[in-house]
Every structure is written in structure tokens, then in C-alpha cells.
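# Architecture and fold: a report
Letter by letter, the chains look like this.
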Amino acid sequence: YDKKTWKAAKEYTKSYNRYEDYEFTKKFESGDKNIDQIFKYNFNISQSPIYEKNSIRIIKDLTSLFDESINLIRSAKKTIHLSTYIFKDGVWSRCIVTELIKKAQEGVQVRFMYDWVGCYNRLPKKLIRQLKEAKIEVAIFNPKGFNMFKSVTNYRSHRKVILVDNRAAIYGGSNIADEYLSISPKTNYWRDLNFYVEGEIANSMNLLFLYDWFNFSNHAKKRYQQKDKKFVNSISKILQLQPSESNQIMQLVNSAPDLEEKQIEQTLINLIKKAKNSIKIVTPYLFPTQSIIDSLSSAAMSGIKVELILPGRNDDKQTVIANRFHCTKLLSSGCKIYEYQGFIHSKYLIADDSIVFSGSNNMDYRSLWINFESALLIYNETLSKEMINVFSIDKSNSKLINLDFIKNHINIWHKIGYSLINIFHPLL
């Protein structure tokens, strides 16, 4: 992608806003000035609407994630949009392919998009061929080609969603691979977090999916060759708001390397700085920007109760040791850090037991600056209480660590190795 392509993509972003509804956004007032400012920041930066007519529930159990993904696909009447970073051959992925093919045969329009790097040597050509033979549209995000010799090949879509009929979605941090269900023999016990979402917010999710599809996948070239009218007609039939009976306030936050403002990072910082009582964070990868480290340290030193849960066991990377290098300043400032006795892949922040921020992003440089990511900003007392309970359960299965622990578990070879790794920090 050259500068001309990026500029064209940004211009097309404006055409998507016409499919959002801003009535509730205009009148939104939570009663808390700090919360209002966080939502309004995201609206002012990218015109992200605030929606009220939504429902959300936590998919706590990984077995339930399998069942719910299959059932959601089976419920589709018109469209299925699936986007993922990793789609790895296994029990779960093959079951999803089977269900997608069945729905396509029933006349449902199915679009499937995967990231080229994330699926490299993971997604068999046989599965892709089966999808295409069933007339399912398949797209590759930032596919290999001439771009693989440019810096932009480092721009990856880490977004994950299974979205049905502009009505409901499974949204969160799980890729589609057996280890994310903790059924792969090659992985330790895996903990993850996803949500089942219904309502108006599905419209924002759909627009983001279509934006990626038409601007950054191998369909992008075709997109720019089409007239705008044809493009508008192709999506206007899909984008009809479907309000939920519940009232749970949400906003979809988008972050991408083509955007000047790093919205997810800044939203995290805003939540941390405006917290009055407590901050709870769970992340698998703690390689944050200095701004986030400083914000957390400042909050803790100001008397805010700051707690973090990190993995206590590695995934396919040396996650645990790398995370510990960033714990020293946080521990010194009064943050409490726990290591989960397994691998925890959940990604969320709870501020003041009232607002939840969770999505595809890790708390690392790659997610915050380089990847295409998204996250939900959720203001709802019921969900916040449920998330606090999830955090408490995870904490009960974790070990509190301190500065002596860090000192005893990082040796000279770790330091040398991390010094070398840190050179390539943004690529991790």
C-alpha cells in the first residue's frame, strides 16, 4: 500500500458513517463526566457511534464457545461474516467449515476473511477449496505478493468476529484453533474470554468487517475499480439496525496503522487516568508503551487499586519471562500483579467496577500501534459485576508475585536474551 492507497481508504471510511445511527450518541449522558469524556473522545476521533439497544453476555467456558459458534452460524438467515487472525486446521475449524458450507447451500451469503501471516502454514488449501466450491467468498487480509518485500507486510488484522445477519456476533480474543478451546495436546491449560453480543452494535462490527474486506484484502483492487453507487448498493441491503430489547451501552473502538490516533491505546490511557477507585487488567502479553506503564504507575501511586493478571505458563512464545521484564516499575509503584497458573489469553480492563474495555488487542506495542484491532467499550453495571466475578475467579487461580520473585526468576541469560529480543519488540 502506498500513500495514495492509504488516502483513498481513509476517504472511503467517511462513506461508512452514513450507515450508522447517531441519535443516541447526540443525547448520551451517563451522569459521570469522566465516562462521558471517554466515549466522546472515540466519537470525535472516528465518529464511532454510541449504541444503547444492545445485550451482551460472557462466554466463560471454552466448551460453550464451540457450541455457541456453531449455533450462531446455524441461526443465520441472510449473511455470515467471519474474520479471524488464525484459522488453524483442527476439530473446531473443520466443524465451522462444514457449517458454513451448509448455510451457503441454503442461500445464505457467507464471507470468510483471514490474515495471511496468522494463517501461514496453519490453514490447509483443502479447506479453502471446499469453501470456494460452496460459493463462499474468501478474502485474504494483506495477502502476500509484492507487499511482502515492503514494511506494510507487517500490518496484520488481529480482529476476530463471527457476525450473523447484522444482528448477533461472537466477539473477543479467541482465534479459531483447538488450543483456544483447550483441547490441543500441545498446549497448557488455556483460559480465554469471549462475548455473545446482540443489537445495534452489530452494525458497527459489520461496517468494520466490510471496510477491511473492500480496502485491505485481495478484494481491494476490485473495490477501487467499481463505482461508488455499486459499492453502496452491495452493502445497504445488509446494514439494517436491529435493536435488542436490553439496554447496554456500547461503542466499538477501532485501531489501525492507517489511523493517526491510536484509539485503543489512548482509550486505555483515558480509562486508567480517569479511574477513581480501581483498575483491573488481564492480558496475555504485557509489552506496553511507556505511556501505559507511566499511567498505571501514576494511578497506583495516587492510591488507585491497580491489579493485573498475566500468564504463569508460556504459549508458543516465551511469554512469561518477557512479561516479567515490564513488571518491575509497576510493582515498585504499588501495582499488584498475579500470574495465572496456566496460560491466560483473556484481554480486558475494568475501571471503577463500572466500565469494561475488551476486544482483540493485547497490551503490547504490536497490538496498540501496528495491528488492525478492535475493542468494545461497555458501560453497564450488570456486565461489570459479572466481569469482576470473572476476574476474582481468575485471581483465585493465580499467584501473587513481588519484586523478590522477579529478581529470583530473571537470570543473566534472560537479560541478554531479552535485550536481543527487545530490538525486534514491535514485531512480537
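So, a few notes on the structure that sits alongside this text. (Residues numbered from 1 in each chain as written. Predicted model: local features only at pLDDT ≥ 70, side-chain atom pairs only at ≥ 80, totals over all residues. Heavy atoms only, no water.)

## Remarks on the nonpolar core
- Met-205, Ile-279 and Leu-376 are the most contacted members of the largest nonpolar core, which totals 91 residues.
- Here this core gets 11 residues from one element, more than from any other, and that element is helix 7 (residues 201-216).
- Membership of the second largest hydrophobic core comes to 46 residues, among which are Ile-59, Trp-92, Ile-136 and Leu-181. (Core = buried A, V, L, I, M, F, W, Y, C linked by side-chain atoms within 4.5 Å. Buried < 20%, exposed > 50% of the residue type's maximum accessible area, 1.4 Å probe, protein only. Helix = DSSP H or I, 4+ residues; strand = E, 2+ residues; numbered from the N terminus.)

## Some thoughts on the pattern of salt bridges
- Per the counting criterion, the structure on display carries 18 salt bridges.
- For the salt bridge of Glu-137 with Arg-111, the shortest nitrogen-to-oxygen distance reads 3.7 Å. With a gap of 26 residues between them, Glu-137 in strand 4 (residues 137-141) and Arg-111 in strand 3 (residues 109-115) connect regions that are remote in the sequence.
- Within the structure, one salt-bridge network assembled from shared partners comprises Arg-74, Glu-99 and Lys-102. (Salt bridge = Lys/Arg side-chain N within 4 Å of Asp/Glu carboxyl O.)

## Brief notes about the sheet that holds strand 6 (residues 168-172)
- Spatially, 1-8-6-5-2-3-4 is the arrangement adopted by the seven strands of the open sheet, whose pairing is mixed. This sheet does not close on itself; its edge strands, each paired only once, are strand 1 (54-59) and strand 4. Each adjacent strand pair in this sheet contributes to an overall mean axis angle of 15°, direction not counted.
- With four bridges joining them, strand 5 (residues 161-164) and strand 6 adopt antiparallel strand pairing. Of the residues in strand 6, the one forming a bridge with Val-161 is Tyr-171.
- Here helix 5 (residues 91-105) sits on the sheet and contacts strand 2 (79-84) and strand 3; the angle it forms with strand 2, its principal contact strand, is near 155°.
- Its contacts with the sheet put helix 7 on strand 1, strand 2, strand 3, strand 4, strand 5, strand 6 and strand 8 (194-199), and the angle it makes with strand 3 is roughly 65°. (Pairing = 2+ DSSP bridges. Axes fitted to C-alpha atoms, helices over the stretch in contact; angles between N-to-C directions. Contact = heavy atoms within 4.5 Å.)

## Some thoughts on the packing of aromatic side chains
- For the structure on display, the rule yields 16 aromatic pairs.
- An angle of 70° between the planes, with centres 6.2 Å apart, marks the rings of Trp-116 and Tyr-120 as edge-to-face.
- Cluster of aromatic residues (ring-pair linked, three or more members): Tyr-180, Trp-190, Tyr-285, Phe-287 and Phe-343.
- Arg-57 extends its terminal NZ or CZ atom over the ring of Tyr-196, reaching a point 4.5 Å from the ring centre.
- Residue placement shows Arg-111 over the ring face of Trp-213; its charged tip is 5.8 Å from the ring centre. (Phe/Tyr/Trp six-rings, centres within 6.5 Å; stacked < 30°, edge-to-face > 60°. Lys NZ or Arg CZ within 6 Å of the ring centre and 35° of its normal.)

## Observations concerning the pairing of strand 5
- By the alternation rule, side chains of strand 5 split into Val-161 and Leu-163 and Ile-162 and Val-164, which are all buried.
- Both strand 2 and strand 5 contribute to a ladder of four bridges, which runs antiparallel. For Ile-80, the partnering residue across the bridge sits in strand 5 and is Val-164.
- Two successive antiparallel strands, strand 5 and strand 6, enclose a turn made up of three residues, where Asp-165 displays a positive phi of approximately 55°.

## Examining helix 11 (residues 290-301)
- Here helix 11 spans 16 Å end to end across 12 residues, near enough to the 16 Å set by a 1.5 Å rise per residue.
- When we look at burial in helix 11, the residues that qualify are Ile-292, Ile-293, Ser-295, Leu-296, Ser-297, Ala-299 and Ala-300.
- In the segment just after helix 11, Gly-303 is the residue with positive phi, at about 100°. (Expected span 1.5 Å × (residues − 1).)

## As for the environment of Ile-176
- Within the secondary structure, Ile-176 is located in the loop between strand 6 and strand 7 (190-191).
- Take Ile-176: its relative accessible area is 4%, and that puts it in the buried class.
- Between the C-alpha atom of Ile-176 and that of Thr-84, which follows or precedes it by 92 residues, the distance is 7.2 Å.
- With near-sequence residues (within four places) excluded, Ile-176 lies in contact with Leu-82, Thr-84, Ile-86, Phe-87, Lys-88, Trp-92, Ser-93 and Ile-96.

## Some words on helix 10 (residues 263-274)
- For helix 10, built from 12 residues, the straight-helix expectation of 16 Å at 1.5 Å per residue is met to within 8% by its first-to-last C-alpha distance of 16 Å.
- Burial analysis of helix 10 places nine of its 12 residues in the buried class, which makes it a mostly covered element.
- Within helix 10, the full set of buried residues consists of Gln-263, Ile-264, Glu-265, Thr-267, Leu-268, Ile-269, Asn-270, Leu-271 and Ile-272.

## Quick look at the sheet that holds strand 9 (residues 249-255)
- On the basis of which strands lie adjacent, the open sheet formed by eight strands has the order 9-18-16-15-10-12-13-19 and mixed pairing. Bordering the open sheet on either side are strand 9 and strand 19 (398-401), each of which pairs with just one other strand. Here the average twist between neighbouring strands, direction ignored, is 20°.
- Of the pairings in the sheet, the one linking strand 10 (residues 278-282) to strand 12 (residues 305-311) comprises five bridges and is parallel in character. The residue of strand 12 that forms the bridge with Ile-281 is Leu-308.
- Against the sheet, helix 7 engages strand 9 and strand 18 (373-379), with an angle of about 15° to strand 9.
- Taken strand by strand, helix 15 (residues 381-396) contacts strand 10, strand 12, strand 13 (336-340), strand 15 (348-351), strand 16 (355-359), strand 18 and strand 19, and its axis lies near 120° from that of strand 15.

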